[in-house]
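These are the residues of each chain, in order.
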Amino acid sequence: MAWASLPMYPWPQPLTEHYWQWLRQRLQQLGELSLPTHLYWPEDYLAHWREPGVLLSQSCGYPVSALLREQVQVLGAFHYQLPGCADWRYSSALLVRKSDARLALADFHGRRVVCNERHSQSGYHALRAEVATLAGVQPFFAQVRFSGSHRASAALLAAGEADIAALDCVSHALLARQQPQLFEQLACIGHTRLQPGLPLITAASTPAATVARLRQAIGDSLHAVELQAFFREAAIDGFSPLALSDYTCIADTAAHWRAAGMAEW
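Residues numbered from 1 in each chain as written. Predicted model: local features only at pLDDT ≥ 70, side-chain atom pairs only at ≥ 80, totals over all residues. Heavy atoms only, no water.

**Observations regarding the overall build of the protein chain**
Logical step 1: Per the secondary structure count, the protein chain includes 10 helices and 12 strands.
Logical step 2: Taking 18 Å as the expected radius of gyration for a compact globule of 265 residues, we find that the protein chain reaches 19 Å, a close match to that expectation.
Logical step 3: When its C-alpha atoms are laid out on the principal axes, the protein chain stretches across 55 × 40 × 30 Å.
Logical step 4: Across the 265 residues that make up the protein chain, the buried fraction comes to 51%.
Logical step 5: For the protein chain, restricting intrachain contacts to residue pairs at least 6 apart in sequence, the fraction spanning at least 24 positions comes to 80%.
Logical step 6: Roughly 11,400 Å² of accessible area belongs to the protein chain as shown, and the carbon and sulfur atoms make up 51% of that amount. (Helix = DSSP H or I, 4+ residues; strand = E, 2+ residues; numbered from the N terminus. Rg over C-alpha atoms; globule rule 2.2 N^0.38 Å. Buried < 20%, exposed > 50% of the residue type's maximum accessible area, 1.4 Å probe, protein only. Contact = heavy atoms within 4.5 Å. Areas by Shrake-Rupley, 256 points an atom, 1.4 Å probe, with all protein chains shown as cover.)

If you want it as structure tokens, here you go:
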């Protein structure tokens, strides 16, 4: 059974489903006939990405580079016209309460951090790499907690239950549109280094001809007049075909600090 999903960003589901229906029709025109009728919305992302029947999904750079290398192929990544993005690369926004808006990351030594989850590049590994340049392998934060999502991390910050968090800059922008009252309480004090953006993936078993059709259909979609509402809402303005090798830098950075003795938080 084939699966298609675009689960990572808080895009409106009706617009996202409309995008898939356009892709599905274009893929059929290109000769790809066995396609899911509708998008699948997984609860367990890691299990979903490991399904051998995944035709199309969107993942995170760290799992793809470190945990899924034998199970997936990378199709490419969208470009986002947002602060903290550059072509197919993105960064994490360092968010704090507005009362701390004049501080820098170094000023949060000994304070409390909240991360979405341990396998997240944007919420966890990107921040660990930034902290490592300040403190090496020594503990930097007094407390580390995991919230389960970027949205939940922002809520804990606003509630005073944590002092700093790293949010994927695309998630940050989209969530701020949806929850302005929450995000008006927060400030961005900077961004992490640019890294490859969230990859569109397919199963390792997907034939090369299907991979080529997926890339072509995604590229073609950017010019479809009927999809411009989706692209505006999603802040997408381009697509770059990429390979798994474009993401090895993410796993390499995490492995470097692990080998140097920096413990997992």
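Still more to cover.
**Brief notes about the packing of aromatic side chains**
Logical step 1: Inspection of every chain in the model, using the stated rule, returns 13 aromatic pairs.
Logical step 2: Summarising the aromatic geometry, the rings of F78 and F239 are spaced 6.0 Å apart at their centres and angled 65 degrees between planes, so their arrangement reads as edge-to-face. With F78 in strand β3 (residues 72–80) and F239 in strand β12 (residues 236–241), this pair connects stretches of sequence that are 161 residues apart. In this structure, F78 and F239 share a single accessibility class: buried.
Logical step 3: Arranged with centres 4.8 Å apart and planes meeting at 90 degrees, the rings of F140 and F141 form a pair that is edge-to-face.
Logical step 4: Among the residues examined, F140 registers a relative accessible area of 6% and is labelled buried.
Logical step 5: Of the aromatic side chains, those joined through ring pairs into one cluster are Y9, W11, Y19, F78, Y80, F230, F231 and F239. (Phe/Tyr/Trp six-rings, centres within 6.5 Å; stacked < 30°, edge-to-face > 60°.)

**Points about the sheet that holds β12**
Logical step 1: The strand order across the open sheet formed by 5 strands is β1-β2-β11-β3-β12, and the pairing between neighbours is mixed. Every interior strand has two partners, whereas the edge strands, β1 (3–4) and β12, have only one.
Logical step 2: Two strands pair when backbone bridges link them, and β1 and strand β2 (residues 54–58) are joined in this way by 2 bridges, in the parallel orientation. The residue of β2 that forms the bridge with W3 is V54.
Logical step 3: Along the sheet, helix α8 (residues 208–221) makes contact with β2, β3, β11 (200–203) and β12, crossing β3 at roughly 10 degrees. (Pairing = 2+ DSSP bridges. Axes fitted to C-alpha atoms, helices over the stretch in contact; angles between N-to-C directions.)

**Here's the deal with empty space enclosed by the protein**
Logical step 1: What the rule picks out here adds up to 3 cavities of 30 Å³ or more.
Logical step 2: Its volume calculated, the largest cavity comes out at about 80 Å³.
Logical step 3: Counting only elements with at least two residues in the lining of the largest cavity, the list comes to α4 (121–135) and α10 (248–259).
Logical step 4: Looking at side-chain class alone, the lining of the largest cavity contains 6 nonpolar, 4 polar and 1 charged residues. (1 Å grid on protein atoms, 1.4 Å probe; cavity = no way out; pocket = protein on both sides within 12 Å on 5 of 7 lines; lining within 4 Å. Points joined across faces, edges and corners; volume = space filled by probe spheres on them. Nonpolar A, V, L, I, M, F, W, Y, C, P; charged D, E, K, R; others polar.)

**Side note on the layout of surface pockets**
Logical step 1: Of the volumes computed, that of the largest pocket is approximately 550 Å³.
Logical step 2: Lining the largest pocket are 24 residues, and of these M8, Y45, N116, S149 and H150 lie nearest its centre.
Logical step 3: Elements with a contribution of two residues or more to the lining of the largest pocket: α2 (45–49), α5 (150–158) and α6 (169–178).
Logical step 4: With 3 residues, α2 is the largest single contributor of residues to the lining of the largest pocket.
Logical step 5: When grouped by side-chain class, the residues that make up the lining of the largest pocket number 12 nonpolar, 8 polar and 4 charged.

**Section: the pairing of strand β8 (residues 165–168)**
Logical step 1: Every second residue of β8 is oriented toward a common face, with A165 and L167 on one face and A166 and D168 on the other, all of them buried.
Logical step 2: For strand β5 (residues 92–97) and β8, the ladder comprises 4 bridges, and the chain directions are antiparallel. Residue pairing across strands places S92 opposite D168, the latter belonging to β8.

**A few points about the nonpolar core**
Logical step 1: One finds W11, Y19, F78, Y80 and I218 to be the most contacted residues of the largest nonpolar core, which totals 36 residues.
Logical step 2: The biggest single contributor to this core is helix α1 (residues 13–29), with 5 residues.
Logical step 3: With sequence-adjacent residues up to four places away left out, I218 is seen in contact with Y19, L23, L56, L75, F78, L200 and F239.
Logical step 4: V113, A135, F141 and W257 belong to the second largest nonpolar core, which has 19 residues in total. (Core = buried A, V, L, I, M, F, W, Y, C linked by side-chain atoms within 4.5 Å.)

**A closer look at the environment of P10**
Logical step 1: Residue position: P10 is located in the loop between β1 and α1.
Logical step 2: Separated by 164 residues in the primary sequence, P10 and L174 place their C-alpha atoms 6.8 Å from one another.
Logical step 3: Contacts of P10, omitting those with residues within four sequence positions, involve R151, L174, L175 and Q178.

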